[in-house]
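Breakdown of the fold
Okay, here's what each chain looks like letter by letter:
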Amino acid sequence: QVQLEESGGGWVQAGGSLRLSCAASGRTLSTAAMGWFRQAPGKEREFVISVSWSGGVTNYSDSVKGRFTISRDNAKHTVYLQMNSLKPEDTAVYYCATSRYSDSYYSYDYDYWGQGTQVTVSS
């Protein structure tokens, strides 16, 4: 089992920044990557960004490329999502998740999920 704890969500005006953190505990060696997904009201959950624990693979959705970055601290089993130039359409609940694959955009490849943290961007 892997437990994930997210933090850092909140409210920000358009153009602002937020940083989310996701700390993993438990059987982290069984995972190859960590990703972030988001779900806005009335919409399906969508892939945002991911990084392999080795650091060799990073994937971005087109909607966040150039604005969001992901970094990791392997010693702390923690991943950070830096979100800049936020837009109202970035408003969603953000979930971190772990995958046994190093390179996947698909939620079904992710095995463990956090409870989510709300990000609200006002115009």
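Our subject is the structure listed above.
What comes next concerns the included structure. It should be emphasised that the depicted structure is a prediction, and the values quoted were computed from it without experimental measurement.

Now for the state of the cysteines. Each disulfide is one covalent bond, formed between the sulfur atoms of two cysteines. This model, assessed by the stated rule, comprises one disulfide. Covalently, C22 is tied to C96 through a disulfide, its sulfur atoms 2.0 Å apart. Between C22 and C96 the sulfur-sulfur dihedral comes to about 55°; the bridge is accordingly right-handed. Of this pair, C22 sits in strand β3 (residues 18-26) while C96 sits in strand β9 (residues 92-99), and the two are 74 residues apart along the sequence. For the residue pair C22 and C96, the accessibility class agrees, reading buried in each case.

Moving on to the pairing of strand β11 (residues 117-122). Bridge count for strand β2 (residues 10-13) against β11 is four bridges, and the pairing is parallel. From the neighbouring strand, G10 faces β11, where its bridge partner is V119. Pairing between β9 and β11: three bridges, direction antiparallel. Bridge pairing in β11 places A92 opposite V119.

Among the nonpolar cores identified, the biggest contains 26 residues, and W36, F68, L81, M83 and Y94 are the most heavily contacted of them. Elements supplying a minimum of two residues to this core: β1 (2-7), β3, β4 (33-39), β5 (46-52), β7 (68-73), β8 (78-83), β9 and β11. No other element matches the four residues that β3 contributes to this core. Contact partners of M83, with chain neighbours within four places excluded, come to G16, S17, L18, L20, R67, F68, Y94 and V119.

One pass over the full model with this rule turns up five salt bridges. R67 serves as the salt-bridge partner of D90, at 2.7 Å between the closest nitrogen and oxygen. In this pair, D90 is assigned in the loop between β8 and β9 and R67 in the loop between β6 (58-60) and β7, connecting sequence segments 23 residues apart. Given the relative accessible area of 0%, D90 is considered buried. Here R67 falls in the buried class, since its relative accessible area comes to 10%. Shared partners join several salt bridges into a network, and the residues in it are R38, E46, R67 and D90.

Reading the values: rules and limits
Residues numbered from 1 in each chain as written. Predicted model: local features only at pLDDT ≥ 70, side-chain atom pairs only at ≥ 80, totals over all residues. Heavy atoms only, no water. Disulfide = S-S within 2.5 Å. Helix = DSSP H or I, 4+ residues; strand = E, 2+ residues; numbered from the N terminus. Buried < 20%, exposed > 50% of the residue type's maximum accessible area, 1.4 Å probe, protein only. Pairing = 2+ DSSP bridges. Core = buried A, V, L, I, M, F, W, Y, C linked by side-chain atoms within 4.5 Å. Contact = heavy atoms within 4.5 Å. Salt bridge = Lys/Arg side-chain N within 4 Å of Asp/Glu carboxyl O.

Such coordinate-based values are descriptive only and should not be taken to indicate function.
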